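Chain by chain, the residues run as shown.
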Amino acid sequence: MTEKHLSSQFDADLNTINAHLLEMGGLVESQVANAMKAFSTMDAELASEVLAKEKAVNDFEINIDKECAEILARRQPTAKDLRLVLAIAKAISNLERVGDEADHIAARIKKIVEVNAPYQINVAEIRIAGQMALGLLRRSLDAFARMDSKAAATIVADDLEIDNEFRGFVRKLNSYMSEDPRIISTALEILFIAKAV
């Protein structure tokens, strides 16, 4: 935040919601990273750690949303400040959804591990897509922290690559299931993981 307002408290309020958004983003980023690591290793314990962070992410969303509402009500921001507060309100909602997807991945990993379902499915595309998604999340948070609109525009374009990885994996998964119908239930769990990425 480079521009100063007449009210130093207004600056402090804007800096606070910025900092809280980035803190929430860091927590969600660790959830996604751990969910993908748990997927790579089929580690139910690590998946449980991801699930345990869900409440903290939800609490962040609720608290930051309240802070945004208070700023809107008390400060009645205009122009750039209004856009910033509204962008933060939208971003926390999206971050919470990303955290939910990490939770879904973790829950499905636990399910696969609990039923001890063997599978002979190459899931390299999901790992690649997961790493790409994690990279986009990191770059998004960094672009927000620096208020870098050019970096944000390239992130939107790079998101299409993840969709291409997903489509390739679905085609491959269909052939796995036709070759060996015994893996269908596990393959469907893995498909839900891939959709979450």
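Right above here is the structure, for reference.
Residues numbered from 1 in each chain as written. Predicted model: local features only at pLDDT ≥ 70, side-chain atom pairs only at ≥ 80, totals over all residues. Heavy atoms only, no water.

Here we look at the overall build of the protein
Looking only at helices and strands, the protein features seven helices and zero strands. Across the protein, helices and strands are ordered from the amino to the carboxyl terminus as α-α-α-α-α-α-α. Its C-alpha atoms put the protein at 70 × 30 × 20 Å along the principal axes. The 197 residues of the protein split such that 37% are buried. In the protein, of all internal contacts separated by at least 6 residues, the share reaching a separation of at least 24 is 79%. Computed over 24 positive and 31 negative side-chain charges, the separation of the two mean positions in the protein equals 2 Å. (Helix = DSSP H or I, 4+ residues; strand = E, 2+ residues; numbered from the N terminus. Buried < 20%, exposed > 50% of the residue type's maximum accessible area, 1.4 Å probe, protein only. Contact = heavy atoms within 4.5 Å. Lys, Arg positive; Asp, Glu negative; His and termini not counted. Charge placed at Lys NZ, Arg CZ, Asp CG, Glu CD.)

Some points on the nonpolar core
Ranked by size, the top nonpolar core spans 45 residues in total, and within it Met24, Phe39, Ile88 and Ile126 carry the most contacts. Elements represented by at least two residues in this core include exactly helix 1 (8-41), helix 2 (44-52), helix 3 (54-75), helix 4 (79-114), helix 5 (124-146), helix 6 (149-179) and helix 7 (184-196). By residue number, the principal contributor to this core is helix 1, which donates twelve residues. In this structure methionine 24 touches Val57, Phe60, Glu61, Ile64, Ile92, Leu95 and Glu96, once residues within four positions along its chain are discounted. Within the second largest apolar cluster, seven residues are counted, among which are Ala129, Ala133, Ala143 and Ile162. (Core = buried A, V, L, I, M, F, W, Y, C linked by side-chain atoms within 4.5 Å.)

Quick look at the packing of helix 1 against helix 2
Each pair of packed helices can be described by the angle between their axes along with the distance between the axes. The contact between helix 1 and helix 2 brings their axes to 8 Å, and the two run at 160°. Comparing their axes, helix 2 and helix 1 come out roughly antiparallel. Between helix 1 and helix 2 lies a crossing whose hand is left-handed. For the pair helix 1 and helix 2, the contacting residues are Gln31, Asn34, Ala35, Lys37 and Ala38 in the first and Leu46, Ala47 and Val50 in the second. (Axes fitted to C-alpha atoms, helices over the stretch in contact; angles between N-to-C directions. Parallel < 35°, antiparallel > 145°, perpendicular 65-115°, else oblique. Left-handed = near helix turned anticlockwise from the far one by under 90°.)

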